[in-house]
Amino acid sequence: VGSYSIADFVAFDLLTWRSLIGRYWSEDGALILTMAALLVVATVFGIYKRKRWSVYLALALCWVWLALRFHGQWHQQLNWAAGYWVWAFMLQAGLMITVLLHDRRESSLTKYQVASLALPWLVPLVVSWVIHGDPWWAGEWVTATPDPTAWFTLAVVLLLEPRIITALLLSIIPALSMLLSTLFAVVLNDIALSVINLTAAVFVVLTVCTLHIRQLRR
Amino acid sequence: MMKKTAPTNLTRRRALLSALAITASFTSSRGWTNTNTNTRTQLLAKNIPSSGEQIPPIGMGTWITFNIGSDQQARAQREQVLRAFFEAGGGMIDSSPMYGSAQDVLGDLLSRLAPENLFSATKVWTDGDGEGQINEAFQLWRRDQFDLLQVHNLVNWPEHITRLQEMKEAGSIRYLGVTTSHGRRHAEMEKIMQQVPLDFIQLTYNPIDHEAEQRLLPLAQDKGIAVIVNRPFRRGGLTQRLQNTPLPGLAADLDCDSWAQLLLKFTIAHPAVSCAIPATSNVEHMVENMSAGNGPMPTASQREQIAEIVLRG
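This text gives an overview of the structure that appears in the document. (Residues numbered from 1 in each chain as written. Chains lettered and ligands numbered in written order. Predicted model: local features only at pLDDT ≥ 70, side-chain atom pairs only at ≥ 80, totals over all residues. Heavy atoms only, no water.)

In terms of regular secondary structure, chain B is built from twelve helices and twelve strands. Within chain B, buried positions represent 59% of all 313 residues. In chain B, the proportion of contacts linking residues at least 24 apart, taken out of those at least 6 apart, comes to 74%. As presented, chain B carries roughly 12300 Å² of accessible surface, and 48% of it is formed by carbon and sulfur atoms. (Helix = DSSP H or I, 4+ residues; strand = E, 2+ residues; numbered from the N terminus. Buried < 20%, exposed > 50% of the residue type's maximum accessible area, 1.4 Å probe, protein only. Contact = heavy atoms within 4.5 Å. Areas by Shrake-Rupley, 256 points an atom, 1.4 Å probe, with all protein chains shown as cover.)

Structure follows, in structure tokens:
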């Protein structure tokens, strides 16, 4: 392994990647948009009714989709390593369901606090859309591709998960996915994605700090 | 089961190259088959020392450029690149299971073009026993025989070399070799070259990455091992770096209109080098690359001048 660099594992260029995303949308767009709508409904319901299970369930479905369809069918075309992500993403879905079944408690945050903390997480998505210049419905959005789904999952588990240990456990795979994706983006000179992922990382840190300070004050 | 087929007859292209080699007045000490005795030689082909077979000195790599998945538009464009390659007399195409869909794309496009002068080279790259990966390569390329099978980046080389030797004896491959890139693992490669009878090695060599000049290239000459050079442009970095540097005067003497041609001539003019395999997805660049295989080649002192200018640039 020491004789490789990260660039050795990025066997495609940015143009090819964008073309893959375009073809993915044209073939699977209807299903992606349906899942995205489902996730929005589940998230709004979960925050206002303080029922995190609805968000977790919808997100777990997204992780299964990304594992089997995105990584297993599309990303696999360009990258032999995508097969490993199939297993990792399925594991993430399984972890979310397992946590849900074993711990029914809700976060002590109010819905207003959650909403105010969650709002900045929309920024990377909007920035992504503006910089990549994709049609608004066919970019790298939550449910469509791993990175935004990982950002969103991190936000959800850090804000809604009552136990910090469980929140961190559920953050491992999304964080790893984002980290590797950021390294790939740097190799591909995808400045937009690099900046977006780094911005998202800053949000993660800010969220964790906010929650930590809030806990200290209690 | 490993595919084992009887050795196939020489293709018309190989027969033609062999005939050229025979009828040429001599094979120079620098490895070129010439048609005249001038110090500036006219390129025909370079030598594979273990067999005496001649191959064109410019081949084609497929890292990144042919990993395009099922994109039919991109495949049609790459077909034009391949067509330009073969029309310009290209032969060697090199790929690997590490390159995503590149082998599948090649198999599809080569079946459309059915070139007679293909020199197929791929690799095995796994910690496992490699049989499944090699069989898959035959399927993806849609071939019964590979001209060259190499151990990619020396991964699990003792086991793979044994398998490749068996395959060579059975005729399902014609040559075997090992590869590395970026100047890595040269010491281990040198050890293998000393211990194992190899037909080919593949390594990185260009005016910046010239470590191979010290030990590996002279050893390859001593041992009669053909050398394939990957990343002659440092994955495009060298041509990018030199884009604002004016071509030196000697470029005109060498019939070079671009830095890409000059860099390729620098590489293939080394007497130990048999073939360079630049990668491109651009038809014009392919034509430009292939033209570097013709015309006068730099002398040793001219190569030194090129290296100095590139280092300064």
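With that settled, consider the overall build of chain A. Along chain A, the regular secondary structure elements total eight helices and zero strands. Written out in order from the N terminus, the α and β elements of chain A read α-α-α-α-α-α-α-α. The proportion of buried residues among the 218 residues of chain A is 51%. For chain A, the share of sequence-separated contacts (at least 6 apart) that also reach a separation of at least 24 residues comes to 76%.

As for its position among the elements, A:Thr153 is in helix α6 (residues 146–160). If we skip the residues at most four places from it in the chain, A:Thr153 touches A:Leu59, A:Trp63, A:Gln92, A:Met96 and A:Pro174.

As a further point, take unusual backbone geometry. Residue and element names in this part refer to chain A. A positive phi angle, near 55 degrees, is found at Arg50, a position not held by glycine. Relative to the assigned elements, Arg50 resides in the loop between α1 (14–48) and α2 (52–78). Unusually for a residue other than glycine, Thr143 sits at a positive phi of about 80 degrees. Secondary-structure assignment places Thr143 in the loop between α5 (122–132) and α6. Looking at Thr143, the relative accessible area reads 0%, which means it is buried.

The subject of this paragraph is the pattern of salt bridges. Taken as a whole, this structure holds 19 salt bridges over all chains when the rule is applied. Linking A:Arg105 and A:Asp103 is a salt bridge whose minimum nitrogen-to-oxygen distance equals 3.1 Å. With a shortest N-O distance of 2.7 Å, B:Arg215 and B:Glu190 are connected by a salt bridge. Taken together, the residues span a long stretch of sequence, with B:Arg215 in the loop between β10 (200–204) and α7 (216–223) and B:Glu190 in helix α6 (residues 186–195) at a distance of 25 residues. (Salt bridge = Lys/Arg side-chain N within 4 Å of Asp/Glu carboxyl O.)

Next up on the list: the side chain of B:His270. Position of B:His270 relative to the elements: it lies in the loop between α10 (259–268) and β12 (273–276). The contact partners of B:His270, leaving out residues within four places of it in the chain, are B:Lys46, B:Tyr205, B:Glu213, B:Leu217, B:Gln221 and B:Arg303.

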